[in-house]
Amino acid sequence: MATMLDFEKPISDLLEQREKVEQVAAKSGVDVSKTIKDLDDKIKTARKELYDNLTPWQRVMVSRHPDRPYAISYINALSDNTWIELHGDRTVKDDKAMVGGFGSLDGRTVMFIGQQKGINTKMRQYRNFGMPNPEGYRKALRLMKLAEKFNKPIVTFIDTPGAYPGLEAEERGQGEAIARNLIEMAQLKVPVICVIIGEGASGGALGIGIGDKVLMLENTWYSVISPESCSSILWRSWDFKERAAEALKLTASDMYANKLVDGIIKEPLGGAHTNIPEAHKIVKAEVKKQLEKLDALTPDQRIDKRIKKFCAMGVVTE
């Protein structure tokens, strides 16, 4: 059985019942198709009721689900054939937390870039838990400028708990690397689509998050700080993380209502991890749709709209 989150216990209990019925059927040869169908209907209903009423903290938990598809999963799914990964920032090294390269999206060459967390303990360490160093952001910028040179659109997949906060990262210019990406991405002449597929924390996410269209999957979050860190600063404890998640307005619906993202991508019932092929299909269709819209604009029009959009954020008029 797949990994279940704490608040999914009602679903977990039904799944266990289903598994036991299947085991009994396998041993006895009794036809249990009706019982299985009834349980499947109950599981679907329970999932819908639960996921239609998730709290902000529960959405944060879903965004971190260990079975959730990561950047490379989406890149592989969106590419017609094997995509060509490109490495290194040409200055320090190749940051494994940031991946990118050319792929073919229904015959069209696209530059894919994303933060990769890793699918198991060993790979998470290898990928630094999806926390890029400065060279990761410089690699991403190098690939973006390469895409611009050859007039190819850019699609970024955001999923990070934040840029790496280590001393060596600061010594190599973490803040400068992210800031450089912000100003350069704002002026890219090619279409840029940013998709938040998991966690979108602080400048670590923003470093590849300036685009013509910024989209969030339904069960993701995007904020200047994580709920745990916010709780530890305000209350000197992680115990208030649920209250912090509520106050931060970090869910996709909150971000869209505040005009900080351009759209929400629906996920399969129960989250992207419950039906990964369907999640891939939905994201691919949305990316293609947005690219078609952006193709209708000239580079100058895209840049002008992109800059005006981000400059308008946080502005209050009375």
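Let me begin by describing the structure that accompanies this report. (Residues numbered from 1 in each chain as written. Predicted model: local features only at pLDDT ≥ 70, side-chain atom pairs only at ≥ 80, totals over all residues. Heavy atoms only, no water.)

1. Topic: the overall build of the protein chain
For step 1, the next point in the chain: When helices and strands are tallied, the protein chain shows 14 helices and eight strands.
For step 2, the next point in the chain: Each of the 318 residues in the protein chain was classed as buried or not, and the buried ones make up 49%.
For step 3, the next point in the chain: In the protein chain, once contacts between residues fewer than 6 apart in sequence are set aside, the share between residues at least 24 apart is 71%.
For step 4, the next point in the chain: In the protein chain, which carries 47 positive and 44 negative side-chain charges, the distance between the mean positions of the two groups comes to 3 Å. (Helix = DSSP H or I, 4+ residues; strand = E, 2+ residues; numbered from the N terminus. Buried < 20%, exposed > 50% of the residue type's maximum accessible area, 1.4 Å probe, protein only. Contact = heavy atoms within 4.5 Å. Lys, Arg positive; Asp, Glu negative; His and termini not counted. Charge placed at Lys NZ, Arg CZ, Asp CG, Glu CD.)

2. Let's talk about the pattern of salt bridges
For step 1, the next point in the chain: All chains considered together, the criterion is met by 28 salt bridges.
For step 2, the next point in the chain: For Arg18, the salt bridge goes to Asp40, with nearest N and O atoms at 2.6 Å. With a gap of 22 residues between them, Arg18 in helix 1 (residues 9-28) and Asp40 in helix 2 (residues 33-51) connect regions that are remote in the sequence.
For step 3, the next point in the chain: Looking at Arg18, the relative accessible area reads 21%, which means it is partly exposed.
For step 4, the next point in the chain: Asp40 sits in the partly exposed class, given a relative accessible area of 30%.
For step 5, the next point in the chain: Glu176 serves as the salt-bridge partner of Arg138, at 2.9 Å between the closest nitrogen and oxygen. With Arg138 in helix 6 (residues 134-149) and Glu176 in helix 8 (residues 174-186), this pair connects stretches of sequence that are 38 residues apart.
For step 6, the next point in the chain: Residue classification places Arg138 among the partly exposed positions, given a relative accessible area of 24%.
For step 7, the next point in the chain: Owing to a relative accessible area of 40%, Glu176 belongs among the partly exposed residues under this scheme.
For step 8, the next point in the chain: When salt bridges that share partners are traced, they join Arg138, Lys145, Glu148, Glu176, Arg180 and Glu184 into one network. (Salt bridge = Lys/Arg side-chain N within 4 Å of Asp/Glu carboxyl O.)

3. Some details on helix 10 (residues 227-235)
For step 1, the next point in the chain: Restricting attention to buried positions, one finds in helix 10 the residues Pro227, Glu228, Cys230 and Ser231. Buried residues along helix 10 cover an arc of 160 degrees about the axis, so they all sit on one side.
For step 2, the next point in the chain: On its buried side, helix 10 packs onto helix 3 (56-63), strand 7 (221-223) and helix 11 (241-248).
For step 3, the next point in the chain: Among the residues trailing helix 10, Arg236 stands out with phi positive, at a value near 60 degrees. (Arc of directions from axis to C-beta.)

4. Overview of the packing of aromatic side chains
For step 1, the next point in the chain: Evaluation of the coordinates by the stated rule reveals four aromatic pairs.
For step 2, the next point in the chain: Here the aromatic rings of Tyr74 and Phe157 are separated by 5.7 Å at their centres, their planes lie at 15 degrees, and the arrangement is stacked. Remark: Phe157 occurs in strand 4 (residues 154-160) and Tyr74 occurs in helix 4 (residues 71-78); sequence separation between them is 83 residues.
For step 3, the next point in the chain: Using a relative accessible area of 0% as the deciding quantity, one classes Tyr74 as buried. (Phe/Tyr/Trp six-rings, centres within 6.5 Å; stacked < 30°, edge-to-face > 60°.)

5. Points about the nonpolar core
For step 1, the next point in the chain: Core analysis: the largest hydrophobic core is formed by 30 residues, its most contacted members being Met111, Ile113, Met144, Ile154, Met185, Met216 and Tyr222.
For step 2, the next point in the chain: When contributions to this core are tallied by element, the ones reaching two or more residues are strand 2 (98-105), strand 3 (108-115), helix 6, strand 4, helix 8, strand 5 (192-201), strand 6 (213-217) and helix 12 (252-257).
For step 3, the next point in the chain: Residue contributions to this core peak at five residues, all from helix 6.
For step 4, the next point in the chain: Discounting chain neighbours no more than four positions away, the residues touching Met216 are Ile196, Trp221, Tyr222, Leu250, Thr251, Ala252, Met255, Val261, Gly263, Ile264 and Ile265.
For step 5, the next point in the chain: Within the second largest apolar cluster, 24 residues are counted, among which are Ile72, Leu78, Leu105 and Ala279. (Core = buried A, V, L, I, M, F, W, Y, C linked by side-chain atoms within 4.5 Å.)

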